[in-house]
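As a plain string of letters, each chain reads:
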Amino acid sequence: MSGVGGDMIGDREQVYENIRTAVSLNQLNSKVEPGDPKLLREDKEALLRHYIDYRTAYGFCVKKYIAEAIFHAGTSAVGLITQVDGLENLSGIRGPAIVTCNHFSPLDPAIVRFAMRKAGFTRMSIVNQDTNLAMKGFVGYMQRYADTMPVSSLKWFMETEFPNQIKNALDENKLVLIYPEQEMWFNYRKPRPPKRGAYFYAAKFNVPIISCFVEMKDMDKDDTEEFKRVKYVLHILDPIYPDPEKNERDNSFDMMKKDYEQKKAAYEQIYKRPLDYAFSDSDIAGWKGTTE
């Protein structure tokens, strides 16, 4: 879960404009949610130090248990508007893996978890941004405690703590969901060019990538004045394995390239159009408004 914004209902038109601007500037991994916290370096330091110290405390464990129960219930609810395609592609995976998916909604971790549950996986950790630890209210609570692990721009954290978190989760036979697109772009249909982190850790810890792409279908019912409701089809694509004959660096780049190619091919097959990054209103699922 990267940024999920403040009031998603009120912010959607602004997010639409921000996505359109980012596309025009070819900034396809940029932040578009106006409600995301903005933190100074010292604030990030304090948040992460507190997270490291607090995560083994009894209070953290209790809150984590509650958050995971809520997330479990939410996953079941999301299943009512989610179809899963390609479960057969996971028949050969029984151990830990890293999951990648397009990042388009605060709901998409539950959509992925619903699909993985149908495939027989019961445990999944979700990588989110360190700034999400500063979010307020219910969203902030879930960002901190619903089996999440923060990723950061701080070098010391990424050199020690974050790899250890990934390794520990994989050692516990969990899936780890990482969004290579980095930022959430609300209801954006197109797969965006990935960053290398997910594939670096897949290569480093010698685990496969479970490659997913979520298709969005507009429904007849309105969600807001600007948006119709949307239902989802999560497509499980071919898993991607590290090549034992290649080093970690080459594997990570090769896996990243293959994952993007698979998501691109899925988009083109699903939507019956070639993938390019010229913006149109149809790129935003459910959008029915017009902006001046």
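This structure is a prediction, so every number in the text was calculated from the model and none was measured.

Explain the side chain of E45 to me, please; I cannot follow it from the model alone.
Within the fold, E45 resides in helix α2 (residues 41–54). Sequence-distant contacts of E45, defined by excluding residues within four places in its chain, comprise L154 and W156.

Which parts of the structure should I look at to understand the confidence of the model for the protein chain?
Fine structural detail should not be taken from predicted coordinates in areas where pLDDT scores are low. Scored by pLDDT, the protein chain has a mean of 90; 96% of the residues are at 70 or more. Note on residues 1–10: pLDDT is under 50 here. Beyond four places in sequence and across chains, it has 42 contacts.

What am I meant to see in helix α5 (residues 137–145) here?
Turning to α5, its buried residues are G140, Y141, M142, Q143 and Y145. Residues of α5 that are buried sit in contact with α2, α3 (58–78), β3 (124–129) and β4 (148–151). Once α5 finishes, D147 follows within two positions and takes phi at roughly 50°, a positive value.

Help me understand the state of the cysteines in this model?
Disulfide: a covalent bond formed between the sulfur atoms of two cysteine residues. Scanning all chains against the criterion turns up zero disulfides. The thiol sulfur of C212 is not disulfide-bonded, and the nearest other cysteine sulfur, from C101, lies at 5.5 Å.

Would you mind showing me how to read a nonpolar patch on the surface here?
On the surface, Y58, V62, Y65, I66, I70, F138 and V139 cluster together into a nonpolar patch covering about 740 Å² of accessible area. Of all elements in the fold, only α3 and α5 reach the threshold of two or more residues within the nonpolar patch. If you tally residues by element for the nonpolar patch, the top one is α3, at five residues. Looking at I66, the relative accessible area reads 39%, which means it is partly exposed.

Would you mind showing me how to read the pattern of salt bridges here?
Pairing between side chains of opposite charge can happen when the charged atoms of each approach one another. Tallying each qualifying case throughout the model produces 21 salt bridges. In this structure, the salt-bridge partner of E161 is R55, at a minimum N-O distance of 2.8 Å. Taken together, the residues span a long stretch of sequence, with E161 in helix α6 (residues 155–171) and R55 in the loop between α2 and α3 at a distance of 106 residues. Owing to a relative accessible area of 18%, E161 belongs among the buried residues under this scheme. What makes R55 partly exposed here is its relative accessible area of 26%. Note that E172 is salt-bridged to R123, the shortest N-O span being 3.5 Å. Placement of the pair is E172 in the loop between α6 and β5 (175–178) and R123 in the loop between α4 (108–118) and β3, with a sequence separation of 49 residues. Looking at E172, the relative accessible area reads 41%, which means it is partly exposed.

So, how was this worked out
- Residues numbered from 1 in each chain as written.
- Predicted model: local features only at pLDDT ≥ 70, side-chain atom pairs only at ≥ 80, totals over all residues.
- Heavy atoms only, no water.
- Helix = DSSP H or I, 4+ residues; strand = E, 2+ residues; numbered from the N terminus.
- Contact = heavy atoms within 4.5 Å.
- pLDDT = per-residue confidence, 0-100.
- Buried < 20%, exposed > 50% of the residue type's maximum accessible area, 1.4 Å probe, protein only.
- Disulfide = S-S within 2.5 Å.
- Patch = residues over 30% accessible without salt bridge, like charges linked within 9 Å, V, L, I, M, F, W, Y side chains within 5 Å.
- Areas by Shrake-Rupley, 256 points an atom, 1.4 Å probe, with all protein chains shown as cover.
- Salt bridge = Lys/Arg side-chain N within 4 Å of Asp/Glu carboxyl O.

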